[in-house]
Amino acid sequence: MSKTFPGIRVSMGNWNYTTIRIKFSDLGETFVFQRYLDEENKDSLDVVGNREVNQGRATKDMGKYLSRKRDRFYSTIVVANLVENNENWIDVDEATTPEDITPEENRLGYLTLNDNDKHYILDGQHRVASILNVLAGEVDGIDGDNEDYSTPEGFGDEQITVHVINREPGISKAEMIESYRRLFTSLNRNAKPTDPATNIALDEDDVFALMTRHLIKHFDPFSSRGAEAVDNPNIQFKPKGINASVAANQGTGVFTSLETLYKMNITMMNSPKFPDLNPASTDDFKFRPDDNDLEDYNAEILKIWEAIFDVLPEFHEDRRNMRKHNAPIDSEENTDHPFLWPAIQEGVFAHLVRYILDKAGTATDLSYSEILKPLSKIPKDFRKAPWNPVVLVPTKPDDPDSPLKILARGADKAFKEAMLPLLKYLIGITELDDDDLADLKDIFQGYTRASFQNTELFDQYWEETLALRN
């Protein structure tokens with residue numbers, strides 16, 4: 001059965017198309033899912049016109065989004081007609097157009113799609129699939145007794161815009177296939193996702209983005225202090241890392257980057273106190289928590305950071321001279337603090353904070369500042385043992401005077417199996433027997449083999465390291 005939809009005619013480049021408005025309930029009867037532009041030659045890659053629909057994606061995350069979000073919004077779908085025909089377009093009378101607007105021919109009207117048309121979804125297959133699944137009640141997790149996952153009332157009458165690309169008259173099937181494939185590539189290849197920092201700044205649903213922005217607004221050491229948000233003197237908007245060369249030559253006063261702060265907050269909030277965030281699930285990034293829960297989360301993360309800055313007061317100081325890998329060890333002006341580097345903050349520091357809080361438990365009467373006091377015992381010169389040469393390594397391992405740099409390849413593994421167990425032992429929050437220490441020594445010997453050419457040098461390093469235990 002033919003259907004007629006209100007629309008507007010549009011042209012761009014070589015394309016002339018029609019944008020129509022269509023109800024959700026009409027999508028399934030009007031458009032088709034088709035991976036191949038020529039069903040008779042499906043054995044050829046030259047007729048592939050779309051990606052395969054991932055029903056799991058359509059029924060899970062996207063379906064939940066449509067079911068639970070009252071402010072749900074999808075961008076325009078693009079469909080293309082595989083059948084050569086005359087487009088059934090009817091202009092509307094623009095006699096009521098205001099005097100200051102000149103009517104345009106073929107601008108507004110109605111488009112009729114006939115039974116013999118075959119409009120396949122060129123862009124937006126998963127959007128359409130998720131809409132149809134919600135209409136059918138086929139969303140993973142939907143329960144008739146669970147209002148959050150039920151099909152929203154009036155959902156079928158909601159509308160979406162569709163760009164209808166009509167097959168150009170007179171062109172061959174091969175030419176049609178080539179043009180549609182080129183259009184699909186343009187739609188997908190040229191679409192650039194937003195970067196993580198921008199997502200954190202804009203997201204109104206991701207609980208950790210909300211907490212991070214609240215923290216920057218309400219915790220003075222992270223505030224913009226009158227500067228534009230992207231020029232925050234305490235939290236670097238972009239990039240995620242801090243340039244070691246800039247830090248060495250010009251100095252930088254930021255505490256960390258926005259993306260690193262966000263990642264640290266995820267780790268620090270992975271607490272039994274908040275089972276919904278333990279660990280963070282997909283929904284925590286896609287569905288905004290209720291206001292009461294969000295208020296509790298904001299209070300908790302603020303409390304943690306206030307305690308951190310209380311226990312480590314040097315974070316309040318001028319940080320411009322506190323990231324100098326290659327400054328003389330005896331320099332009083334230039335230092336190198338391990339916990340001012342994003343890689344260490346995310347890979348080591350945040351995990352230590354969470355571990356210490358968890359070990360204290362929720363029944364303690366101690367304040368967070370008292371609980372986190374062991375952080376003050378951590379060796380704070382990045383250029384010395386135990387950091388150097390495990391995660392701060394010489395550019396040329398066989399040259400003792402080589403410039404230092406933070407380990408890049410294999411850093412996460414080094415943090416997890418070497419630095420974290422050692423630091424917990426050095427600051428007295430875990431105990432290791434002789435066998436445990438021997439195993440840890442072997443791990444460290446493996447990480448330092450390139451720098452220490454003989455066992456004597458490593459043994460000296462290891463003795464210096466164990467002497468740091470408080």
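Residues numbered from 1 in each chain as written. Predicted model: local features only at pLDDT ≥ 70, side-chain atom pairs only at ≥ 80, totals over all residues. Heavy atoms only, no water.

### Points about the overall build of the chain
So, step 1. Summing up its helical and strand segments, the chain has 16 helices and 11 strands in all.
So, step 2. The 470 residues of the chain split such that 46% are buried.
So, step 3. Counting only carbon and sulfur atoms, one obtains 46% of the accessible surface of the chain, whose full area is about 25,000 Å². (Helix = DSSP H or I, 4+ residues; strand = E, 2+ residues; numbered from the N terminus. Buried < 20%, exposed > 50% of the residue type's maximum accessible area, 1.4 Å probe, protein only. Areas by Shrake-Rupley, 256 points an atom, 1.4 Å probe, with all protein chains shown as cover.)

### Some points on the nonpolar core
So, step 1. Counting residues in hydrophobic clusters, the biggest one holds 81 residues, and the most contacted among them are W305 and I308.
So, step 2. Dropping the residues within four chain positions of it, I308 is found in contact with M268, F315, F349, V353 and L372.
So, step 3. Counting residues in hydrophobic clusters, the runner-up holds 23 residues, among them I22, I121, V162 and V164. (Core = buried A, V, L, I, M, F, W, Y, C linked by side-chain atoms within 4.5 Å. Contact = heavy atoms within 4.5 Å.)

### Here we look at the packing of helix α14 (residues 411-426) against helix α16 (residues 455-466)
So, step 1. Between α14 and α16, whose axes approach to 10 Å, the crossing angle comes to 50°. Classified by the angle between their axes, α14 and α16 sit oblique to one another. Within the contact between the two elements, α14 uses L422, Y425 and L426 and α16 uses W462, T465 and L466.
So, step 2. Residue composition of the contact of α14 with α16, grouped by class: 5 nonpolar, 1 polar and no charged. (Axes fitted to C-alpha atoms, helices over the stretch in contact; angles between N-to-C directions. Parallel < 35°, antiparallel > 145°, perpendicular 65-115°, else oblique. Nonpolar A, V, L, I, M, F, W, Y, C, P; charged D, E, K, R; others polar.)

### Description of the confidence of the model for the chain
So, step 1. Of the residues in the chain, 88% reach a pLDDT of 70 or more, and the chain-wide mean stands at 86.
So, step 2. Long-range and interchain partners of residues 142-147, a stretch whose pLDDT sits below 50, account for 4 contacts in this model, where long-range means more than four residues apart. (pLDDT = per-residue confidence, 0-100.)

### Thoughts on the pattern of salt bridges
So, step 1. Evaluated as defined, the whole model comprises 19 salt bridges.
So, step 2. In this structure, the salt-bridge partner of D26 is K3, at a minimum N-O distance of 3.5 Å. Placement of the pair is D26 in helix α1 (residues 24-30) and K3 in strand β1 (residues 3-12), with a sequence separation of 23 residues.
So, step 3. What makes D26 buried here is its relative accessible area of 16%.
So, step 4. Here the salt bridges do not stand alone but share partners, grouping K3, D26 and E29 into one network. (Salt bridge = Lys/Arg side-chain N within 4 Å of Asp/Glu carboxyl O.)

### Topic: the sheet that holds strand β5 (residues 108-113)
So, step 1. An order of β4-β5-β1-β2-β7-β3-β6 is seen for the 7 strands of this open sheet, with the pairing classed as mixed. Edge strands, defined here as strands with exactly one partner in the open sheet, are β4 (88-91) and β6 (119-123). On average, each strand axis in the sheet is inclined to that of its neighbour by 35°, with strand direction left out of account.
So, step 2. Judged from the 4 bridges that link them, strand β3 (residues 77-81) and β6 form a sheet pairing that is antiparallel. Pairing of N81 across the sheet is with H119, part of β6.
So, step 3. Contacts from helix α4 (residues 125-135) reach β3, β6 and β7 (159-165) within the one sheet, and its direction differs from that of β6 by about 115°. (Pairing = 2+ DSSP bridges.)

### Thoughts on the packing of aromatic side chains
How two aromatic rings sit relative to each other is set out by the distance from centre to centre and by the angle between their planes.
So, step 1. If you walk through the whole model with that rule in mind, you get 23 aromatic pairs.
So, step 2. Aromatic side chains F222 and F309 sit 5.6 Å apart centroid to centroid with 80° between the ring planes, which places their arrangement in the edge-to-face category. Linking F222 in the loop between α7 (207-218) and β8 (235-236) with F309 in helix α11 (residues 291-311), this pair joins segments that are 87 residues apart in sequence.
So, step 3. Overall, F222 belongs to the buried group, its relative accessible area being 0%.
So, step 4. Through a chain of ring-to-ring contacts, three or more aromatic side chains come together here, namely F219, F222, F255, W305, F309, F315, F339, F349, F382 and W387. (Phe/Tyr/Trp six-rings, centres within 6.5 Å; stacked < 30°, edge-to-face > 60°.)

### Overview of a negative patch on the surface
So, step 1. Taken together, the side chains of D433, D434, D435, D436, D439 and D442 present a region of like negative charge at the surface.
So, step 2. With respect to the helices and strands, the residue D442 is situated in helix α15 (residues 434-448). (Patch = residues over 30% accessible without salt bridge, like charges linked within 9 Å, V, L, I, M, F, W, Y side chains within 5 Å. Lys, Arg positive; Asp, Glu negative; His and termini not counted. Charge placed at Lys NZ, Arg CZ, Asp CG, Glu CD.)

### Structural notes on the side chain of R319
So, step 1. Looking at where R319 falls in the secondary structure, it is placed in the loop between α11 and α12 (342-360).
So, step 2. Among buried Asp, Glu, Lys and Arg side chains, R319 stands out as unpaired, with D318 the closest opposite charge at 7.1 Å.
So, step 3. Of the polar contacts made by the side chain of R319, one reaches the backbone oxygen of F315; its length is 2.5 Å.
So, step 4. Among residues more than four places away in sequence, those in contact with R319 are P221, N234, T252, G253, V254, F255, F309 and L340. (Polar contact = N/O pair within 3.5 Å; in protein donor to acceptor, adjacent residues only side chain to side chain.)

### Describing the environment of P400
So, step 1. Secondary-structure assignment places P400 in the loop between β10 (392-394) and β11 (404-406).
So, step 2. For P400 and S451, which are 51 residues apart along the polypeptide, the C-alpha to C-alpha distance reads 8.0 Å.

### What about the pairing of β1?
So, step 1. Direction of pairing for β1 relative to β5: antiparallel, over a ladder of 6 bridges. Looking at the pairing, G7 lines up with G109 of β5.
So, step 2. Taken together, the 6 bridges between β1 and strand β2 (residues 15-23) define a ladder with antiparallel strand orientation. Bridge pairing links G7 to I20 in β2.

### What to know about α16
So, step 1. Taking 1.5 Å of rise per residue, the 12 residues of α16 would be expected to cover 16 Å, and the 16 Å separating its terminal C-alpha atoms lies within 8% of that figure.
So, step 2. Among the residues of α16, the N-terminal cap falls to N454, whose side-chain oxygen and the backbone nitrogen of E456 are separated by 3.1 Å. (Expected span 1.5 Å × (residues − 1).)

### Describing the environment of R127
So, step 1. Summarising the element assignment, R127 is placed in helix α4.
So, step 2. In sequence terms R127 and T76 are 51 residues apart; their C-alpha atoms lie 9.5 Å from each other.
So, step 3. If sequence neighbours within four positions are ignored, R127 has contacts with M62, Y74, S75, T76 and I77.

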